[in-house]
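Architecture at a glance
Residues per chain, in single letters:
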Amino acid sequence: MIVWIILFPMIGAILNGLLFASGFWKKTCGGDEHTEHSISGIIASGAVLLSAILSTYFFVQLLSLNPSDRQIIQELFVWIPSGDFTVSFELMFDTLSSVMALVITWIGFLIHIYSIGYMHHDKGFAKYFTYLNIFVFFMLILVLGNNFPLMFVGWEGVGLASFLLIGFWYQDNEKAYAGRKAFIVNRIGDFGFILGIFLIFFIFGSVNYQDVFAKAVDPNFMSLVPGVTITAIGLLLFVGAVGKSAQFPLFVWLPDAMAGPTPVSALIHAATMVTAGAYMMARCNVFYSQSPTAQMVVVSIAAFTAILAATIAITQNDIKKVLAYSTVSQLGYMFMAIGVGAYAAGLFHLVTHAFFKALLFLGSGSVIHAMSDEQDIRKMGGLRKKIPITAITFLIGTLAIAGVPFLSGFFSKDEILAAVYDRGYTIHWIIALITVVLTALYMVRLYLLTFEGKSRVPQSIKRYVHESPYSMTIPLMVLAVLSILGGYIGVPDFMGKVVGLHDTNLFEHYVSPAILIDNAKHVGHHLFGHWALAGFSIGGAALGIIIAFYLYSIRPSAPGKIAKDIEPLYKASYNKWYVDELYDYIFVQPFSYLCNQAARFDQNVIDGAVNGVAAAVKDTALTLQSAQSGVIRSYATLMAIGAAVILIIIVLW
Amino acid sequence: METVVFYVFAALALAGGLMVISFKNPVSSALSLVLTLFSTAVLFVLLLAHFVAVIQILVYAGAIMILFLFTVMFLNLKSEALKFESKHLGFKVSALLVILLFVGYFASLGFKKGLFLSNTSVSEMEGFGTVQGVGTTLFIDYLLPFELTSILILVAIIGVVVIAKKRAR
Amino acid sequence: MNIGIEHYLVLSAILFVIGAYGVLVRKNLIIVLMSLELMLNAANLAFVAFSRASGDMTGHVFMIMSITVAAAEVAVGLALLVSIYSHRESLDIDILKLLKG
């Protein structure tokens, strides 16, 4: 019955699409846009709500089962019956996918509610909700699929939904290009992903999770598989994750994706789609746990991405761009955890990040709504008095992402840092620590510049600044509560012991049946114990907050001076380290050149050949025309010549 | 003896043919054609085709050529009408020679293939080439074509009358 | 030298070519018709030669038919020629271009 989890959004999308987006309702039933929007919004949100309720129901069911039996499988039909390669449309609801499903459906529901308010006056209201439902449908297929091809279907499907939603306001060319860029960059990652799936099938003879993973943990089977193959599988799958989850070097699409509506940024590019890569790698933990090389590659790239994105975020002036780079950075954290083998920690951060990043994005959407679509934080300031609910929830989100103790972000981030350090990746730990400082810095900077201080709001929009309607503020409040309390499902043991509780890391215990090889090794001698590590992360966060406070609240002129002093660095950071320009130079321009050459070849050579044949036919016809001149003598001559030729042939043969 | 006669009259026939195609004046061409026809008739006699030779002189050289000459003189061609004759004479003569060479070559090819029988080993029927022989063959074996030929002549006569009739004004 | 059939045939071929040349090259309609007669005559010579070679009278009969047809053809041809002359005042074969196209 778990198929209904994905069927509800599909039905919602079909209803919205056929009735409203196509204009059918408008033609047949009347012209009241308000009613149309209401019904459309209710259908879409209701569909996701039903999915959420179902997911919760099955989650509770799972809890009632034995930990080692926690999976519900439902096969619907055989999709590809091709001899050895038989793929069926099979769904699996186990601990790992239940976590993802709950996050997707519940946060999705909140964002649907928010969107009803945010997209209220947009003409493409129904189309928007159709696309959103399509997205939820494919994302659920991705996490609930029981085999790699089905996951890939979801993978591609969310890529499609992302493209449609980023370029939602396609009348503006730049926005359309952003959608196209997202899809193409994604595609590059997908190529690696497909190759990984091929390799898996080649080695394991199946693409079904149960079959593959059973063989992968069997030491007899694995002794016959060369280590480099497992590394190759791991790295190819990671390429897919790099594309989908915007790691270096394929992160360039995510900041551009901010061209889409803000709730889309919240749902797709913060909470769910970009985390698909992390989910996929957590699902495939057996490969990574058996390949130290792949793990090193993953952690290194993740760490580099985290700090790179953070260095860009501190100079950005668009509220959504700051959050976009922040997402890239936090995804780096998730992949760092997965890279060292702490899958549960990575997933935990995925969940808490979903809470506070969605909160931050929705809050920024509220700000943009209040500011009549202005997104530049240099034109904001002092908004706290005008839009208090947004301000407070945004502050909670900021503190959560910075890692302030007792909020959700603190628990998940700290667990990651501890895991990285414990398994001996000291340099990466230092990089991650620096990124903590930077994260706190840019987030607090964002908050202060937007909500505090003197108001720099232009006169023209100052009087229109108003708090958002309830449809938008209630999800903000819900997410704020989750950001505060959400961390307590994963309190590490050493902290729980302080208050006399054992085994407090409920999250890790819950997810562990999906983690098939225990990879918790402690490498080397440690200088720092648990508490010291926690202290480091708290200290880093505090440092960042203090610096931000100093620069943007106490001495507002200081950032300008610093920027002038280090101008080249500042400009490089502001221009995203010129990565886009580099790609354009290396890839896009040669490719355009090739395309132009191909087009010219097509025009001149191929069309030329075709036209040339036509011209030749015409010339021949003109030449032959002279044979019908009407001059009898030439007719007679030709006949004589013809007869002579025939005679010659007869004689010669 | 036979050889001499053959070559002489063959030469005459060829000369006549060449003159037909070269003279500007149609009367001269007609008279050359008569020469050719006569020579061919003699060659027919050499081939023991006596009846046919006489028929050729009577009908061809007699009736047909008279018809030609009659028409030529009837039309009373002015000398301007004859002025449009050929330029590039040298070109045409050389073209003719080339064609003749061609013909000679192919004829010799044909000989090598042994297409033709020689003069000697032929059993001749009774009255070969005489009126009696022609008559026998014509009225016994080829009676139908004979009748059809007469119808052809009838048609030709009617056609001529129709074509040459003056249009009613 | 013995005269074989080949000689007659070669002569016939040469006469035929001369006649064909006349038909194709000369512009005066009357000359064209006369060259046509020359061609027919050459063919008749070939017929009789073969008839002699095979001892069969058919060649002679055919030749008689040929002469007959030639006569009819000349009659009609000359009638046409007279008609053309009375319309166009010229006997140039190249002005007869109504078949053009």
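Residues numbered from 1 in each chain as written. Chains lettered and ligands numbered in written order. Predicted model: local features only at pLDDT ≥ 70, side-chain atom pairs only at ≥ 80, totals over all residues. Heavy atoms only, no water.

On a plain count of helices and strands, chain C comes out with 3 helices and 0 strands. Over its C-alpha trace chain C gives a radius of gyration of 17 Å, far above what one expects of a compact globule, namely 13 Å for 101 residues. Residues classed as buried in chain C amount to 65% of the 101 residues present. For chain C, contacts bridging at least 24 residues in sequence account for 54% of all contacts bridging at least 6. Here chain C has roughly 3500 Å² of accessible surface; of this, 70% comes from carbon and sulfur atoms. (Helix = DSSP H or I, 4+ residues; strand = E, 2+ residues; numbered from the N terminus. Rg over C-alpha atoms; globule rule 2.2 N^0.38 Å. Buried < 20%, exposed > 50% of the residue type's maximum accessible area, 1.4 Å probe, protein only. Contact = heavy atoms within 4.5 Å. Areas by Shrake-Rupley, 256 points an atom, 1.4 Å probe, with all protein chains shown as cover.)

Secondary structure summary: chain B contains 6 helices and 0 strands in total. Mapped in sequence order, the helices and strands of chain B form the string α-α-α-α-α-α. Expressed as a percentage of its 169 residues, the buried residues of chain B come to 34%. Carbon and sulfur atoms form 74% of the exposed surface of chain B, whose accessible area is close to 10400 Å².

Residues and elements named next belong to chain A. Here strand S1 (residues 71-82) pairs with strand S2 (residues 85-94) via 10 bridges, running antiparallel. Across the sheet, residue Gln71 finds its bridge partner in S2, namely Asp94. Counting the residues that bridge the hairpin from S1 to S2 gives 2 residues, and of these Gly83 lies at a positive phi of roughly 65 degrees. (Pairing = 2+ DSSP bridges.)

It is worth spelling out the pattern of salt bridges at this point. All names here are of chain A. For the coordinates displayed, the defined rule picks out 9 salt bridges over all chains. The residue Lys181 makes a salt bridge to Asp256 at a minimum N-O spacing of 3.1 Å. Taken as a pair, Lys181 in helix H7 (residues 173-204) and Asp256 in helix H11 (residues 253-256) lie far apart in primary sequence, 75 residues in all. Accessibility expressed as a relative area gives 24% for Asp256, which makes it partly exposed. Glu452 is the salt-bridge partner of Arg384, the closest N and O atoms lying 2.7 Å from each other. Here Arg384 is found in the loop between helix H17 (343-370) and helix H18 (388-402), whereas its partner Glu452 is found in the loop between helix H20 (426-451) and helix H21 (459-462), with 68 residues between them in sequence. Arg384 sits in the partly exposed class, given a relative accessible area of 41%. (Salt bridge = Lys/Arg side-chain N within 4 Å of Asp/Glu carboxyl O.)

Across the boundary between the two partners, chain C contributes 66 residues, which contact 77 residues of chain B. Across the chain C to chain B interface the summed buried area is about 6600 Å²; carbon plus sulfur atoms make up 79%. Among the residues chain C hides against chain B, the three largest losses belong to Tyr21(C), Arg52(C) and Met57(C). Together they make up 11% of the total. Counting across the interface, chain C meets chain B through 0 salt bridges. Scanning the region where chain C abuts chain B turns up 6 residue pairs in polar contact (both at pLDDT 80 or more). (Buried area = accessible area lost by both parts, 1.4 Å probe. Polar contact = N/O pair within 3.5 Å; in protein donor to acceptor, adjacent residues only side chain to side chain.)

This next bit is on the confidence of the model for chain B. Averaged over all residues, the pLDDT of chain B equals 81, while 78% of them reach at least 70. The element-level mean pLDDT for chain B is lowest in helix H4 (residues 89-112) of chain B, coming to 71, with helix H2 (residues 26-46) of chain B highest at 93. (pLDDT = per-residue confidence, 0-100.)

On to a nonpolar patch on the surface, then. Taken together, the side chains of Leu152(B), Ile153(B), Leu154(B), Ile157(B), Ile158(B), Val161(B), Val162(B) and Val69(C) make up a nonpolar region of the molecular surface, amounting to roughly 680 Å² of accessible area. Of all the elements, helix H6 (residues 143-164) of chain B adds the most residues to the nonpolar patch, at 7 residues. (Patch = residues over 30% accessible without salt bridge, like charges linked within 9 Å, V, L, I, M, F, W, Y side chains within 5 Å.)

Once that is clear, we can look at the packing of aromatic side chains. All names here are of chain A. Tallying each qualifying case throughout the model produces 40 aromatic pairs over all chains. Clustering of aromatic rings is evident, with ring pairs tying together Phe125, Tyr128, Phe129, Tyr131, Phe168 and Trp169. The cationic tip of Lys127 hangs over the ring face of Phe168; the distance from NZ or CZ to the ring centre is 5.2 Å. (Phe/Tyr/Trp six-rings, centres within 6.5 Å; stacked < 30°, edge-to-face > 60°. Lys NZ or Arg CZ within 6 Å of the ring centre and 35° of its normal.)

The next point concerns the environment of Ala52(A). Residues and elements named next belong to chain A. With respect to the helices and strands, the residue Ala52 is situated in helix H3 (residues 33-63). Each C-alpha atom, one on Ala52 and one on Ala542, is 37 Å from the other, the two residues being 490 residues apart in sequence. Once you skip the residues sitting within four places of it in the chain, Ala52 turns out to touch Thr105 and Trp106.

A cis geometry characterises the amide bond from Phe248(A) onward to Pro249(A), with omega recorded as 0 degrees. For Pro249(A), the location among the structural elements is in the loop between helix H10 (227-244) and H11. The phi dihedral of Phe406(A) is positive, around 75 degrees, even though this residue is not glycine. Within the secondary structure layout, Phe406(A) lies in the loop between H18 and helix H19 (408-422). Overall, the relative accessible area of 59% leaves Phe406(A) in the exposed class. We note that Leu48(B) has phi near 65 degrees; this positive angle belongs to a residue other than glycine. In this fold, Leu48(B) is placed in the loop between H2 and helix H3 (50-75). Leu48(B) gets classed as partly exposed once you look at its relative accessible area, which sits at 27%.

Time to look at the confidence of the model for chain C. Detailed reading of the predicted coordinates is not advisable wherever pLDDT falls low. Residues with a pLDDT of 70 or more make up 97% of chain C, whose mean pLDDT is 86. When mean pLDDT is taken per element in chain C, helix H2 (residues 29-54) of chain C scores highest with 91 and helix H1 (residues 5-25) of chain C scores lowest with 87.

This part is about the environment of Asp318(A). All names here are of chain A. Structurally, the position occupied by Asp318 is in the loop between helix H15 (292-313) and helix H16 (319-340). Linking Asp318 and Ala532, residues 214 residues apart in sequence, is a C-alpha distance of 36 Å. Side-chain polar atoms of Asp318 contact the backbone nitrogen of Lys320, separated by 2.9 Å.

What follows is about helix H5 (residues 125-144) of chain A. With 20 residues, H5(A) should cover 28 Å at 1.5 Å per step; its first-to-last C-alpha distance of 29 Å lies within 8% of that length. The buried fraction of H5(A) is high, at 18 of 20 residues. (Expected span 1.5 Å × (residues − 1).)

Another point: H20(A). Residues and elements named next belong to chain A. A rise of 1.5 Å per residue sets the reference length of H20, with its 26 residues, at 38 Å; its end C-alpha atoms lie 38 Å apart and thus fit the reference within 8%. By the criterion of burial, H20 is predominantly enclosed, with 21 of the 26 residues buried. Trailing H20 by a residue or two, Gly453 shows a phi angle of about 75 degrees, which is positive.

As a further point, take the environment of Thr68(C). Within the secondary structure layout, Thr68(C) lies in helix H3 (residues 58-88). Judged by its relative accessible area of 17%, Thr68(C) falls in the buried class. Sequence separation between Thr68(C) and Ala20(C) is 48 residues, and the spatial gap between their C-alpha atoms is 21 Å. In contact with Thr68(C), other than residues within four places in its own chain, are Thr149(B) and Ile153(B). Among the polar contacts listed, one links the side chain of Thr68(C) to the backbone oxygen of Ile64(C), at a separation of 2.7 Å.

This part is about the side chain of Ser88(A). Residue and element names in this part refer to chain A. Along the chain, the position of Ser88 falls in strand S2. A residue is classified by how much of its surface remains accessible, and Ser88, at 12% relative accessible area, is buried. Contact partners of Ser88, with chain neighbours within four places excluded, come to Glu75, Phe77, Val78, Trp79, Asn147 and Leu150.

Running from N to C, H3(B) and H3(C) point in directions that differ by 0 degrees, and their axes come no closer than 11 Å. When the axes of H3(B) and H3(C) are compared, the pair comes out roughly parallel. Contacts between H3(B) and H3(C) involve Phe51(B), Val52(B), Ile55(B), Gln56(B), Val59(B), Tyr60(B), Ile64(B), Leu67(B), Phe68(B), Thr71(B), Phe74(B) and Leu75(B) from the former and His60(C), Met63(C), Ile64(C), Ile67(C), Ala70(C), Ala71(C), Val74(C), Ala75(C), Leu78(C), Leu81(C), Val82(C) and Tyr85(C) from the latter. Its residues assigned to classes, the contact of H3(B) with H3(C) shows 21 nonpolar, 3 polar and no charged. (Axes fitted to C-alpha atoms, helices over the stretch in contact; angles between N-to-C directions. Parallel < 35°, antiparallel > 145°, perpendicular 65-115°, else oblique. Nonpolar A, V, L, I, M, F, W, Y, C, P; charged D, E, K, R; others polar.)

A word on the packing of helix H6 (residues 148-166) of chain A against H7(A). Residue and element names in this part refer to chain A. Closest axis-to-axis distance for the H6/H7 pair is 8 Å, and the angle between their directions is 175 degrees. With respect to H7, the axis of H6 lies roughly antiparallel. Between H6, through Phe148, Met151, Phe152, Trp155, Glu156, Gly159, Leu160, Phe163 and Ile166, and H7, the contact on the second element is made entirely by Lys175, Ala178, Gly179, Arg180, Ala182, Phe183, Arg187, Asp190, Phe193, Ile194, Ile197 and Ile200. Residue classes in the contact of H6 with H7 are distributed as 14 nonpolar, 2 polar and 5 charged.

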